[in-house]
Amino acid sequence: MLQTLREQTATLHKEIEKDNTAGLIMDHSITLEEYKLLLLQNYLAYKIVEDEIKQFESEFSTDKSERLAEDLTALNIDFSSPLVQFESQFHCKDKIEALGAAYVLEGSAMGGMLIAKELQNCTKLASISKHHFFNGDRKNVQGWKEFMKRVNAREFSEEEIQKATLKAQETFSFFGKIFEYQPQFSA
Ligand code: HEM
């Protein structure tokens, strides 16, 4: 299952990594306005996908959208009104689709670790004393390892693998779509 998910989303990962504002963190050029936008986009995507997964996986325990909400609150950014615009655009129908979506959320923690490390060198963000989402906490990677263990402990039919893969691809596309959302911040 995991190998198929990895292979079938590799191109989508490359694209999302290339176009993402997070790249500006990797080269340390990111401005405060760009960082605010990145947090808002991530919040919308994580919140919507997490809520869909939780309908089928009660033990699915990510608090990523909560941590993004903490970052946004500290920066005085309204994150509830733009949610409405995207909420209806992503759905999971069953446990297998939820697994495909969870693969994307859990796996994204690894890029998050790299980003957290480079955030320390982004001089234009020096006014932010604490990053709640890009916190560099090892717990993020722990979640990914546990996810892999859980998936590897089970057998899946070809049909299930295909279904999860389609949903993982769709989850990447949904993130891509939200990364195109670029409201102006007045503050
Ligand atoms: C600039 C942004 C990003 C960077 C630098 C980045 C970097 C990475 C790195 C280094 C890995 C680990 C590869 C490995 O050790 O095998 C990884 C894995 C992964 N990333 Fe990203 N990533 C970024 C954005 C994203 C986004 C936005 C998503 C999801 C929406 C995502 C989803 C994943 C997934 C699912 C994996 C796990 C792949 C696997 O091993 O099966 N990444 N990323």
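Keep in mind it's a predicted model, so treat the numbers as computed, not measured.

Cut-offs and rules
Residues numbered from 1 in each chain as written. Predicted model: local features only at pLDDT ≥ 70, side-chain atom pairs only at ≥ 80, totals over all residues. Heavy atoms only, no water. Near = heavy atom within 4 Å. Polar contact = N/O pair within 3.5 Å; in protein donor to acceptor, adjacent residues only side chain to side chain. Helix = DSSP H or I, 4+ residues; strand = E, 2+ residues; numbered from the N terminus. Buried < 20%, exposed > 50% of the residue type's maximum accessible area, 1.4 Å probe, protein only. Expected span 1.5 Å × (residues − 1). Bend = angle between axes of the 7 residues up to and from the residue. Core = buried A, V, L, I, M, F, W, Y, C linked by side-chain atoms within 4.5 Å. Contact = heavy atoms within 4.5 Å. Phe/Tyr/Trp six-rings, centres within 6.5 Å; stacked < 30°, edge-to-face > 60°. Lys NZ or Arg CZ within 6 Å of the ring centre and 35° of its normal.

Enquirer: I tried to follow the site of the ligand on my own but got confused; where do I start?
Expert: Around the ligand sit 16 residues in total, of which Arg6, His13, Tyr103, Gly107 and Phe175 are the nearest. One nitrogen or oxygen atom from the side chain of Arg6 is found 2.6 Å from an oxygen atom belonging to the ligand. A distance of 2.8 Å separates a nitrogen atom of the ligand from a polar atom in the side chain of His13. Those elements that place two or more of their residues in the shell around the ligand are α1 (2-19), α6 (95-119) and α8 (158-178). The element that contributes the greatest number of residues to the shell around the ligand is α6, accounting for 7 residues.

Enquirer: Explain unusual backbone geometry to me, please; I cannot follow it from the model alone.
Expert: It is generally the case that most residues other than glycine have a negative phi and that most peptide bonds are trans. One non-glycine residue, His28, lies in the positive phi region at around 70°. Owing to a relative accessible area of 29%, His28 belongs among the partly exposed residues under this scheme. Of note, Asn76 is a non-glycine position whose phi angle comes to about 60°, a positive value. Tracing the sequence through the fold places Asn76 in the loop between α4 (64-74) and α5 (81-87).

Enquirer: Quick question: what am I supposed to make of α1 here?
Expert: Since the α-helix packs 3.6 residues into each turn, any two residues three or four apart lie on the same face. In a regular helix each residue adds 1.5 Å, so 18 residues correspond to 26 Å; α1 covers 25 Å between its end C-alpha atoms and thus fits that length. At Thr9, α1 shows its strongest bend, of approximately 50°.

Enquirer: So what exactly am I meant to see when it comes to the nonpolar core here?
Expert: Here is a general trend for soluble globular proteins: nonpolar side chains tend to be buried in one another's company. Grouped together as the largest cluster of nonpolar side chains are 58 residues, with contacts concentrated most on Tyr35 and Phe134. Apart from the residues within four sequence positions on either side, Tyr35 is in contact with Ile25, Ile30, Leu119, Leu125, Ile128, His131 and Phe134.

Enquirer: What is the right way to look at the packing of aromatic side chains in this model?
Expert: For any pair of aromatic rings, the description rests on two quantities: the centre-to-centre distance and the angle between the ring planes. Throughout the structure, instances matching the rule amount to 9 aromatic pairs. For the ring pair Tyr46 and Phe175, a centre distance of 5.3 Å and an interplane angle of 90° mean the geometry is edge-to-face. Of this pair, Tyr46 sits in helix α3 (residues 32-54) while Phe175 sits in helix α8, and the two are 129 residues apart along the sequence. Here the two residues Tyr46 and Phe175 agree in accessibility, since each one is buried. These aromatic residues form a ring-pair network of at least three members: Tyr46, Phe133, Phe134, Phe175 and Phe179. Across from the ring centre of Phe90, 5.3 Å away, lies the NZ or CZ of Lys167, which sits over that ring.

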